[in-house]
Amino acid sequence: MSSNSSSGGSAHQQGPAARQAAMAELVLADGSATAAELAERFGVSLMTIHRDLDELERQGLVRKFRGGVTAQPSGVFESNVQYRLKAMRAEKAAVAEQALRSIEPGMAIMLDDSTSALEIARRLRLGEITPLTVVTNFLEAINLLADQRGIHLMALGGDYDPLHSSFLGVSCVEAVQSLRVDLCFASTSAVHGGYAYHQEQHIVSVKRAMLDSAARNVLLIDHTKLARTALHRVVPLSRFDLLLVDDGASAQALRDLDEHKVTYQVCATRGGDDRAGAT
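Just so it is clear, the structure is predicted and the values come from calculations on it, not from any experiment.

What counts as what
Residues numbered from 1 in each chain as written. Predicted model: local features only at pLDDT ≥ 70, side-chain atom pairs only at ≥ 80, totals over all residues. Heavy atoms only, no water. Pairing = 2+ DSSP bridges. Helix = DSSP H or I, 4+ residues; strand = E, 2+ residues; numbered from the N terminus. Axes fitted to C-alpha atoms, helices over the stretch in contact; angles between N-to-C directions. Salt bridge = Lys/Arg side-chain N within 4 Å of Asp/Glu carboxyl O. Buried < 20%, exposed > 50% of the residue type's maximum accessible area, 1.4 Å probe, protein only. Parallel < 35°, antiparallel > 145°, perpendicular 65-115°, else oblique. Contact = heavy atoms within 4.5 Å. Nonpolar A, V, L, I, M, F, W, Y, C, P; charged D, E, K, R; others polar. Core = buried A, V, L, I, M, F, W, Y, C linked by side-chain atoms within 4.5 Å. Expected span 1.5 Å × (residues − 1). Left-handed = near helix turned anticlockwise from the far one by under 90°.

Visitor: Got a minute to help me understand the sheet that holds strand E11 (residues 195–198) in this structure?
Guide: Hydrogen bonds between backbone groups are what pair the strands of a sheet, and the pairing can be parallel or antiparallel. The antiparallel open sheet is built from 3 strands, whose spatial order is E10-E11-E13. Edge strands, defined here as strands with exactly one partner in the open sheet, are strand E10 (190–192) and strand E13 (232–236). Geometrically, the sheet is characterised by an average inter-axis angle of 35° between neighbouring strands, direction not taken into account. Where E11 lies against E13, 4 bridges are found, and the strand directions are antiparallel. Each residue of the ladder has a partner; that of Tyr 197, found in E13, is Arg 233.

The structure is reproduced here in structure tokens:
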């Protein structure tokens, strides 16, 4: 973990809430830390650190493991959006560049609350594909596109979830079900055995509604998701017309997609050629 004793000392002096906020910022930036490292950094006892970590885990910001804490996902824990915004940026950018080729002026597209879909929004902000209707429940994408000329932005309402920076819940699902778009771009936490998976059930219901509302669906994933597991099955991969993944995907992972007859494209991040998979 990087050293910055001045901020740790300042947070300690300001009380538990400030210390926990500084601690969360560090873990989100570095990915993980041990309790001993944090105790030394913030000048408090291990018992105090564990109480702080219990509180951060209760808030859903991190998850504890024996001897430490991590912001990285597990089968039942999706990383905080601030961590996901920093992770796998080059891979997500490569996938987004390929996804952009499917979008034509005059279309209505839907973006889910994934940071992979946000990379598409970043490129749409350049204003090179207009006119365009963009529907999303992701506050990060809404903020990016709110003032973009040529884009008709439709923000999906619902219950705001700060951990995902998105709007969810029954009212969001109902808003999605009232629409019909040309393309939906979505991501999930894990892909395995011909299915897409996610850790959180309330996210799953929104993603399913989005896929049902679109004429065509594109799944955006970075290669690490091909080796993960998550608790809830979202949909079979056959629900997607195309799967886009970066070129870090292993040969075994691609063979698994071939065996399940998934149409996919491998998107180059290092100047290589894009590769297409079987239908």
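So, next bit.
Visitor: Looking at this structure, I do not really get the pattern of salt bridges. What am I missing?
Guide: Side chains that differ in charge, positive against negative, can pair when their charged atoms come close. Scanning all chains against the criterion turns up 10 salt bridges. A salt bridge links Asp 54 to Lys 64; its shortest N-O distance comes to 2.8 Å. Of this pair, Asp 54 sits in helix H4 (residues 46–58) while Lys 64 sits in strand E2 (residues 63–65), and the two are 10 residues apart along the sequence. Judged by its relative accessible area of 39%, Asp 54 is partly exposed. Within the structure, one salt-bridge network assembled from shared partners comprises Arg 89, Glu 97, Glu 119, Arg 122 and Arg 123.

Visitor: For this particular structure, what's the right way to read the packing of helix H9 (residues 170–177) against helix H10 (residues 201–212)?
Guide: A packed helix pair is summarised by two numbers, namely the angle formed by the two axes and the spacing between the axes. H10 packs onto H9 with a crossing angle of 5° between their chain directions and a minimal axis gap of 9 Å. Regarding the angle of H9 to H10, the classification is roughly parallel. For the pair H9 and H10, the contacting residues are Cys 172, Val 173, Val 176 and Gln 177 in the first and Ser 205, Val 206, Ala 209 and Met 210 in the second. By residue class, the composition of the contact of H9 with H10 is 6 nonpolar, 2 polar and no charged.

Visitor: Is there a simple way to explain unusual backbone geometry in this structure?
Guide: A cis amide bond links Thr 130 with the next residue in sequence, Pro 131, at an omega value of -5°. Within the secondary structure, Pro 131 is located in the loop between helix H7 (115–124) and strand E5 (132–136). Despite not being glycine, Ser 165 has its phi angle at roughly 55°, a positive value. Secondary-structure assignment places Ser 165 in the loop between strand E7 (159–161) and strand E8 (166–168). A positive phi angle, close to 55°, is found at Lys 261, a residue other than glycine. Relative to the elements of secondary structure, Lys 261 occurs in the loop between helix H11 (251–259) and strand E15 (264–267).

Visitor: Looking at this structure, how should I read the nonpolar core?
Guide: Generally speaking, soluble globular proteins have nonpolar side chains that are buried together. Within the largest apolar cluster, 36 residues are counted, with the highest numbers of intra-cluster contacts made by Leu 237, Leu 243, Val 245 and Leu 257. Broken down by element, the residue count for this core peaks at 6 residues, all from H10. With sequence-adjacent residues up to four places away left out, Leu 237 is seen in contact with Val 191, Gly 194, Tyr 195, Ala 196, Leu 219, Leu 243, Leu 257 and Val 262. Core analysis: the second largest hydrophobic core is formed by 30 residues, Leu 85, Leu 124, Val 134 and Ile 151 among them.

Visitor: Explain helix H6 (residues 89–100) to me, please; I cannot follow it from the model alone.
Guide: Because an α-helix packs 3.6 residues into every turn, residues spaced three or four apart end up facing the same way. With 12 residues, H6 should reach 16 Å at 1.5 Å per residue; the first-to-last C-alpha distance of 16 Å fits that figure. Counting buried positions over the 12 residues of H6 gives 9, a clear majority of the element. Buried residues of H6: Glu 91, Lys 92, Ala 93, Ala 94, Val 95, Ala 96, Gln 98, Ala 99 and Leu 100, and no others.

Visitor: How should the packing of helix H2 (residues 16–30) against helix H3 (residues 35–42) be read in this particular structure?
Guide: Taken N-terminus to C-terminus, the directions of H2 and H3 make an angle of 130°; their axes are 12 Å apart at the nearest point. Here H2 lies oblique to H3, going by the angle between them. Classified by chirality, the crossing of H3 by H2 is right-handed. Of H3, the residues touching H2 (which contributes Arg 19, Ala 22, Met 23 and Leu 26) are Leu 38, Arg 41 and Phe 42. Its residues placed into classes, the contact of H2 with H3 shows 5 nonpolar, no polar and 2 charged.

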